[in-house]
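Geometric and topological summary
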Amino acid sequence: MTGTTKPDASELAGYEVLVAVCGGIAAYKVATLVSSLVQGGAGVSVAMTKAARKFITPLTFEALTARPVFTNVWQTADVQQHLSLTEMADLFIIAPATANTLGKMANGIADDLVSNLALSAASPILIAPAMNTRMWDHPAVQANLRLLVERGAMTVGPNEGWLACRAVGKGRMAEPDEILREAVGMLKQAAPKRAASR
């Protein structure tokens, strides 16, 4: 990467990144992350929870990725779309990762598209948590996150700062540049799947 903001235009060529956007106010920041990944040459697919679509529309991500955005398990005739999306991904990013999503992932619950994707992931997972400080500090959330890390997931953030609840504390999603740096580092640990399959 040049500097600390964006990868070079072809640095991520050949890599496929799956980004799951969950329902938190930080969802709007994920557009910057997705744009940076695309500008770096990665192919990016986006999945969104129902709650995420209250904060930002699928059209935003469709415009940035030039791909359809996936919002439910039954969106296409392919009943195994959750498997095909994760099979081709070199990295699965969940941002903002809410307490609800972390709980589902830790306990193997798959009741929507994003939780199905998490359960069927065939790539490294990068989690960017975001939530109210009291929620972040709750023993259940911390236990869920520890379990996910023990299973191999990587995390970035959350940071301290101004939260949507008008309080200052820990729970603010890592900035897009921080998530991008972690994502590029994780991607560079292996060749793109598409290159390996040729």
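See above for the structure.
Attention here is on the structure that accompanies the text. (Residues numbered from 1 in each chain as written. Predicted model: local features only at pLDDT ≥ 70, side-chain atom pairs only at ≥ 80, totals over all residues. Heavy atoms only, no water.)

**Quick notes on the layout of surface pockets**
In this model, the second largest pocket occupies a volume close to 200 Å³. Considering the residues around the second largest pocket, the lining is formed by 13 residues, among which Met105, Ala118, Ile125, Leu148 and Arg151 are closest to the centre. Elements with a minimum of two residues in the lining of the second largest pocket: helix H4 (99–107) and helix H5 (113–119). In terms of residue count, the dominant contributor to the lining of the second largest pocket is H5 (3 residues). Its residues placed into classes, the lining of the second largest pocket shows 8 nonpolar, 3 polar and 2 charged. (1 Å grid on protein atoms, 1.4 Å probe; cavity = no way out; pocket = protein on both sides within 12 Å on 5 of 7 lines; lining within 4 Å. Points joined across faces, edges and corners; volume = space filled by probe spheres on them. Helix = DSSP H or I, 4+ residues; strand = E, 2+ residues; numbered from the N terminus. Nonpolar A, V, L, I, M, F, W, Y, C, P; charged D, E, K, R; others polar.)

**Looking at the side chain of Ser123**
As for its placement among the helices and strands, Ser123 is situated in the loop between H5 and strand S5 (125–129). A distance of 3.5 Å separates the side chain of Ser123 from the backbone nitrogen of Phe92, its partner in a polar contact. Contact partners of Ser123, with chain neighbours within four places excluded, come to Ala89, Asp90, Leu91, Phe92 and Lys193. (Polar contact = N/O pair within 3.5 Å; in protein donor to acceptor, adjacent residues only side chain to side chain. Contact = heavy atoms within 4.5 Å.)

**Thoughts on the sheet that holds strand S2 (residues 43–48)**
The parallel open sheet is built from 6 strands, whose spatial order is S3-S2-S1-S4-S5-S6. Strands with a single pairing partner mark the edges of an open sheet, and in this sheet they are strand S3 (69–70) and strand S6 (154–155). Across 6 bridges, the pairing between strand S1 (residues 16–21) and S2 is parallel. When the bridges of S2 are listed, Leu18 appears paired with Ser45. (Pairing = 2+ DSSP bridges.)

**Structural notes on the pairing of S5**
The side chains of a regular strand alternate, residue by residue, between the two faces of the sheet. The buried fraction of S5 is high, at 5 of 5 residues. Side chains of S5 alternate between two faces, with Ile125, Ile127 and Pro129 and Leu126 and Ala128 buried alike. Across 4 bridges, the pairing between strand S4 (residues 91–97) and S5 is parallel. Bridge pairing links Ile93 to Leu126 in S5. (Buried < 20%, exposed > 50% of the residue type's maximum accessible area, 1.4 Å probe, protein only.)

**Regarding the environment of Lys50**
Structurally, Lys50 can be placed in the loop between S2 and helix H2 (58–65). A relative accessible area of 64% means that Lys50 is categorised as exposed. Through-space distance from the C-alpha of Lys50 to that of Gly23 is 7.4 Å; in sequence the pair is 27 residues apart.

**Thoughts on unusual backbone geometry**
Most peptide bonds take the trans configuration, and most residues that are not glycine carry a negative phi. The omega torsion of the bond from Ala95 to Pro96 falls at -15 degrees, within 30 degrees of zero and hence cis. A cis geometry characterises the amide bond from Gly157 onward to Pro158, with omega recorded as 5 degrees. Mapping Pro158 onto the fold places it in the loop between S6 and strand S7 (159–162). The phi angle at Ala66 is positive, at roughly 60 degrees, despite the residue not being glycine. Mapped onto the fold, Ala66 is located in the loop between H2 and S3.

**A closer look at the packing of helix H1 (residues 30–39) against H2**
Between H1 and H2, the least distance of the axes is 9 Å, while the angle of their chain directions is 15 degrees. One way to sum up the angle between H1 and H2 is to call them roughly parallel. Regarding H1 and H2, the two cross each other, and that crossing is right-handed. Contact residues: H1 offers Val30, Ala31, Val34, Ser35 and Val38, while H2 offers Thr60, Phe61, Leu64 and Thr65. Across the contact of H1 with H2, the residue classes tally to 6 nonpolar, 3 polar and no charged. (Axes fitted to C-alpha atoms, helices over the stretch in contact; angles between N-to-C directions. Parallel < 35°, antiparallel > 145°, perpendicular 65-115°, else oblique. Left-handed = near helix turned anticlockwise from the far one by under 90°.)

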